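Structure at a glance
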Amino acid sequence: MARPADDRKAKLCKKVKEILCRKRAAALPLGYTFTKLNQVLRGWINYFRIGSMKTWLKNDFSPWLRHKVRVVILKQWKKPKTVYTNLMRLNVAFGCNMTDEDVYKVAYSRLGLYRRCGMYVVNYLLSQKVLSLPNKKENRPGLVDPLAYYLRNT
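Residues numbered from 1 in each chain as written. Predicted model: local features only at pLDDT ≥ 70, side-chain atom pairs only at ≥ 80, totals over all residues. Heavy atoms only, no water.

Right, let's talk about the environment of valine 72 for a bit. Following the sequence through the fold, valine 72 ends up in helix H4 (residues 54-77). For valine 72, a relative accessible area of 2% translates into the label buried. In this structure valine 72 touches Leu20, Ala25, Ala26 and Leu30, once residues within four positions along its chain are discounted. (Helix = DSSP H or I, 4+ residues; strand = E, 2+ residues; numbered from the N terminus. Buried < 20%, exposed > 50% of the residue type's maximum accessible area, 1.4 Å probe, protein only. Contact = heavy atoms within 4.5 Å.)

Here the focus is the side chain of histidine 67. With respect to the helices and strands, histidine 67 occurs in helix H4. Polar side-chain contacts of histidine 67 include one of 3.2 Å to the backbone oxygen of tyrosine 114. Excluding residues that lie within four positions of it along the chain, histidine 67 makes contacts with Tyr114, Cys117 and Gly118. (Polar contact = N/O pair within 3.5 Å; in protein donor to acceptor, adjacent residues only side chain to side chain.)

Taking 1.5 Å of rise per residue, 14 residues should cover 20 Å, and helix H1 (residues 6-19) covers 20 Å from first to last C-alpha, within 8% of that figure. Among all positions of H1, only Lys9, Leu12, Cys13, Val16 and Ile19 are buried. Buried residues of H1 fall within an arc of 120 degrees about the axis and therefore sit on the same side. Tucked into the core, H1 has its buried residues touching helix H2 (22-25), helix H3 (30-47) and H4. (Expected span 1.5 Å × (residues − 1). Arc of directions from axis to C-beta.)

Here we come to the nonpolar core. Within the largest apolar cluster, 47 residues are counted, with the highest numbers of intra-cluster contacts made by Leu37, Phe61, Val69, Leu74, Trp77, Leu87 and Leu126. Put simply, the parts of the chain that give this core at least two residues each are H1, H3, H4, helix H5 (80-93), helix H6 (100-107), helix H8 (120-125), helix H9 (128-132) and helix H10 (146-152). Tallying contributions element by element places H4 first for this core, with ten residues. Excluding its chain neighbours within four sequence positions, the residues that come into contact with leucine 37 are Val16, Ile19, Leu20, Leu65, Val69 and Leu143. (Core = buried A, V, L, I, M, F, W, Y, C linked by side-chain atoms within 4.5 Å.)

On to a positive patch on the surface. A surface patch of like charges, here positive, comprises Arg22, Lys23, Arg24, Lys75, Lys78 and Lys79. Of all the elements, H2 adds the most residues to the positive patch, at three residues. (Patch = residues over 30% accessible without salt bridge, like charges linked within 9 Å, V, L, I, M, F, W, Y side chains within 5 Å. Areas by Shrake-Rupley, 256 points an atom, 1.4 Å probe, with all protein chains shown as cover. Salt bridge = Lys/Arg side-chain N within 4 Å of Asp/Glu carboxyl O. Lys, Arg positive; Asp, Glu negative; His and termini not counted. Charge placed at Lys NZ, Arg CZ, Asp CG, Glu CD.)

The tally for this structure, following the rule as stated, stands at one cavity of 30 Å³ or more. If you go around the largest cavity, the residues you meet are Leu65, Arg66, Gln128, Leu131, Ser132, Leu143, Val144, Asp145 and Pro146. Per element, the largest residue contribution to the lining of the largest cavity is three residues, and it comes from H9. Here the residues of the lining of the largest cavity sort into five nonpolar, two polar and two charged. (1 Å grid on protein atoms, 1.4 Å probe; cavity = no way out; pocket = protein on both sides within 12 Å on 5 of 7 lines; lining within 4 Å. Points joined across faces, edges and corners; volume = space filled by probe spheres on them. Nonpolar A, V, L, I, M, F, W, Y, C, P; charged D, E, K, R; others polar.)

Backbone geometry places lysine 78, a non-glycine residue, at a positive phi of 60 degrees. Tracing the backbone shows lysine 78 in the loop between H4 and H5.

Attention now goes to the layout of surface pockets. For the largest pocket, the calculated volume is near 510 Å³. Lining the largest pocket are 18 residues, with Trp77, Leu90, Asn135, Glu138 and Arg140 sitting closest to its centre. Mapped onto the lining of the largest pocket, the elements with two or more residues apiece are H3, H4, H5 and H9. For the lining of the largest pocket, the leading source of residues is H5, giving four residues. When its residues are assigned to classes, the lining of the largest pocket shows eleven nonpolar, three polar and four charged.

The interhelical angle for the contact between H1 and H4, taken along N-to-C directions, is 15 degrees, at an axis separation of 11 Å. On the basis of the axis angle, H1 is roughly parallel to H4. You can see that H1 and H4 cross each other, and the crossing is right-handed. In this structure, H1 contributes Lys9, Leu12, Cys13, Val16 and Lys17 to the contact, and H4 contributes Trp56, Phe61, Trp64, Leu65 and Lys68. (Axes fitted to C-alpha atoms, helices over the stretch in contact; angles between N-to-C directions. Parallel < 35°, antiparallel > 145°, perpendicular 65-115°, else oblique. Left-handed = near helix turned anticlockwise from the far one by under 90°.)

See below:
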């Protein structure tokens with residue numbers, strides 16, 4: 001079965017890294033970043049649709065992409081108090097049963113952004129479902145799930 005070559009996958013990852021560069025992406029509105037990401041992902045998946053890439057999208061690319069997006073979101077929130085407040089809002093809004101202590105540990109942790117975004121609290125509260133929801137108030141589109149987009153049109 002045909003599949004995208006490794007250098008093409010690497011080129012996609014490089015393009016996504018440029019869009020999600022912490023310095024630039026945190027300075028831009030999240031709506032703009034999501035729009036650019038969605039354009040790149042849809043274009044790449046449509047171009048390589050004929051190939052078989054389900055396992056790569058499911059196991060490697062999609063989790064990595066969501067992790068990078070979470071890092072940008074936490075970077076935009078900047079201060080531990082803001083991180084705590086926003087994570088607690090998500091906790092209440094989506095009915096997650098995270099304790100105050102768990103959220104507090106993440107918000108006030110001295111670990112770096114990348115490590116904090118790997119913690120289960122952030123992964124659960126900023127899940128794939130939450131990231132894919134559009135926000136009308138902030139004029140932000142939802143993030144495209146690459147695997148679902150690929151499977152929808154195959």
